[in-house]
Amino acid sequence: MTDTYTVQHNISLKPYNTFGIEAKAHFFVEINSLSQLTDLIKSPDYQTLYSEKLILGGGSNILLTKDFEGLVIKINIKGIEKVKEDDSKAWIKVGAGENWHSFVMYCIDNEWNGVENLSLIPGTVGAAPMQNIGAYGVEIKDIFDSLEAIDRATGKMFLFTKQECKFGYRESVFKHEFKNQYIIVNVTFCLSKNKQFNISYGAVSQTLAEMNVQTLSAKAISEAVIKIRQSKLPNPAQIGNAGSFFKNPEISKAQFIVLKEQYNMIPSYPVDEQNVKVPAGWLIEQCGWKGKKVGNTGVHKDQALVLVNYGDAKGSEIKALAEEIQASVWEKFKIDLKMEVNLV
Ligand code: EPU
């Protein structure tokens, strides 16, 4: 069987973004193997015909505001392999195109622990390190070993260690110094065979208690996380969204003290000596946006951090709503909300 790729022309991206936004890709290609990817990069058209490139995983963190005039590369590289193990750990190498949640379920079935708090996050494994996905007290950096990525200009493969990825809150080197330079093709995770779990997040321990869980396990935690997510976050298969639209902002303790005098219920999480994080969902709710509908767009009724597409919204309409929200949070709190979703 030959391992070739097919570049298609004028393709709708609606099935490829969880916001369900209609936008066209001038050129579109699905990549199923490493050799297809290197062949594509070496092809003469790659440098000349396709001026701009957009790498797509699960499309769960982008907002398409217009048609894409270049080449959309959908990464479908699959495979899950145990590459090493000792008495207490297992190293699992995963193709970038694997579905994130399926990978989490696979780990739970094999009793490889550490990733259970990240259940039900939409998207692919390859996209996960880009923004160091996190939820319920765990971030990908906590179980990350290394990744391999292809240089978009030369097709050469490079290994990145955890340190080299420079993970931060929804941040990595791939959003900054190396922005638009690499395509992640696989990720290796280091998972634990020991039963050490993280139930520090209030809602998780509370839900486990409600579920009457006697013996803690990755499976029980995963079920609790799924329950919490399903109760607050809209399912993209039913209603278009990209999870949290904004990042939780960090503000100085000095500013927080002033705000606390005026709004004594304002929640916060410690960051360091000087700063605290404030939940953006709370700020947006205080500005009266929660559950509001604006044309075909809106702010979710159960979680104000999630913007939704109620039908045929355009990306530009969602962007306009996001900008209105930013303006009102700035006016009321003098806090600058930064978008977590990538605008294309
Ligand atoms: N809150 C409100 N109103 C709202 C939503 C939240 O007042 O409408 C306040 C409440 O005080 C609540 C607090 O915000 O206690 C925290 O809310 P939640 O537990 O829902 O978490 P979050 O801070 O809003 C973050 C992540 C989520 C992640 C959860 C759980 C960001 C930008 N978002 O949300 O990640 O699932 O914590 O760990 O950090 C995502 O990135 O797409 C995402 C869903």
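Residues numbered from 1 in each chain as written. Predicted model: local features only at pLDDT ≥ 70, side-chain atom pairs only at ≥ 80, totals over all residues. Heavy atoms only, no water.

Caption draft 1: View of the packing of helix α5 (residues 202–210) against helix α6 (residues 218–232). The interhelical angle for the contact between α5 and α6, taken along N-to-C directions, is 110 degrees, at an axis separation of 9 Å. With respect to their mutual orientation, α5 and α6 come out roughly perpendicular. The segment α5 lies against α6, with A203, V204, T207 and L208 engaging A220, I221, A224, V225, K227 and I228. Residues belonging to the contact of α5 with α6 are distributed by class as follows: 8 nonpolar, 1 polar and 1 charged. (Axes fitted to C-alpha atoms, helices over the stretch in contact; angles between N-to-C directions. Helix = DSSP H or I, 4+ residues; strand = E, 2+ residues; numbered from the N terminus. Parallel < 35°, antiparallel > 145°, perpendicular 65-115°, else oblique. Contact = heavy atoms within 4.5 Å. Nonpolar A, V, L, I, M, F, W, Y, C, P; charged D, E, K, R; others polar.)

Caption draft 2: View of the packing of aromatic side chains. A complete count under the given rule lists 19 aromatic pairs for this structure. Plain terms: the ring middles of W100 and F103 are 5.4 Å apart, the flat faces sit at 65 degrees to each other, and that makes the pair edge-to-face. Of this pair, W100 and F103 both sit in helix α3 (residues 100–109), separated by 3 residues, roughly a single helical turn. On the accessibility criterion, F103 (0% relative accessible area) is buried. Between F158 and Y182, the aromatic rings sit 5.9 Å apart at their centres with planes inclined by 85 degrees, giving edge-to-face as the arrangement. Residue F158 is located in strand β11 (residues 157–161), and its partner Y182 is located in strand β12 (residues 182–192); the two are separated by 24 residues in the primary sequence. (Phe/Tyr/Trp six-rings, centres within 6.5 Å; stacked < 30°, edge-to-face > 60°. Buried < 20%, exposed > 50% of the residue type's maximum accessible area, 1.4 Å probe, protein only.)

Caption draft 3: Here's a closer look at the site of the ligand. The full set close to the ligand counts 24 residues, and Y136, Y169, R170, Y201 and E285 are the nearest of them. Note that a nitrogen atom of the ligand is positioned 3.5 Å from one of the backbone N or O atoms of G281. Summarising the interface, the protein chains cover 82% of the accessible area of the ligand, which totals 820 Å² for the free molecule. Those elements that place two or more of their residues in the shell around the ligand are β8 (134–135), α6, β13 (240–244) and α8 (280–286). With 3 residues, the single largest contributor to the shell around the ligand is α8. (Near = heavy atom within 4 Å. Polar contact = N/O pair within 3.5 Å; in protein donor to acceptor, adjacent residues only side chain to side chain. Areas by Shrake-Rupley, 256 points an atom, 1.4 Å probe, with all protein chains shown as cover.)

Caption draft 4: Highlighting unusual backbone geometry. Within the chain, R170 stands out as a residue other than glycine whose phi angle is a positive 55 degrees. The backbone phi angle of K334 is positive, close to 55 degrees, even though this residue is not glycine. Its location among the elements puts K334 in the loop between α9 (315–333) and β20 (342–343). Residue classification places K334 among the partly exposed residues on the basis of a relative accessible area of 47%.

Caption draft 5: Just the nonpolar core, in detail. Core analysis: the largest hydrophobic core is formed by 44 residues, its most contacted members being F245, F246, I284, L307 and I325. When contributions to this core are tallied by element, the ones reaching two or more residues are β2 (24–31), β3 (53–56), β4 (62–63), β5 (68–75), α7 (253–262), α8 and α9. The element best represented in this core is α9, accounting for 6 residues. Two domains each put at least three residues into this core: domain 1 (7–75) and domain 3 (240–343). Beyond its immediate sequence surroundings of up to four residues, I325 is in contact with F246, I284, W289, V299, L307 and L337. (Core = buried A, V, L, I, M, F, W, Y, C linked by side-chain atoms within 4.5 Å. Domains from an automatic or database assignment.)

Caption draft 6: Seen up close, the packing of α3 against α6. Running from N to C, α3 and α6 cross one another at 150 degrees; their axes reach a closest spacing of 9 Å. With respect to α6, the element α3 is oriented roughly antiparallel. Helix-helix and strand crossings are classified by hand; for α3 and α6 the assignment is left-handed. Contact residues: α3 offers H101, M105 and I108, while α6 offers A218, K219, S222 and I226. (Left-handed = near helix turned anticlockwise from the far one by under 90°.)

Caption draft 7: Quick look at the pattern of salt bridges. Here the structure, examined in full by the defined rule, presents 16 salt bridges. Note that K166 is salt-bridged to E177, the shortest N-O span being 2.6 Å. Placement of the pair is K166 in the loop between α4 (162–165) and β12 and E177 in the loop between α4 and β12, with a sequence separation of 11 residues. Of the residues examined, K166 reaches a relative accessible area of 48% and is grouped as partly exposed. Put simply, K338 and D336 hold a salt bridge, and the shortest N to O gap is 2.8 Å. On the basis of relative accessible area, D336 is assigned to the partly exposed category, the value being 44%. Connected through salt bridges with shared partners, the residues K82, E85 and K193 form a single ionic network. (Salt bridge = Lys/Arg side-chain N within 4 Å of Asp/Glu carboxyl O.)

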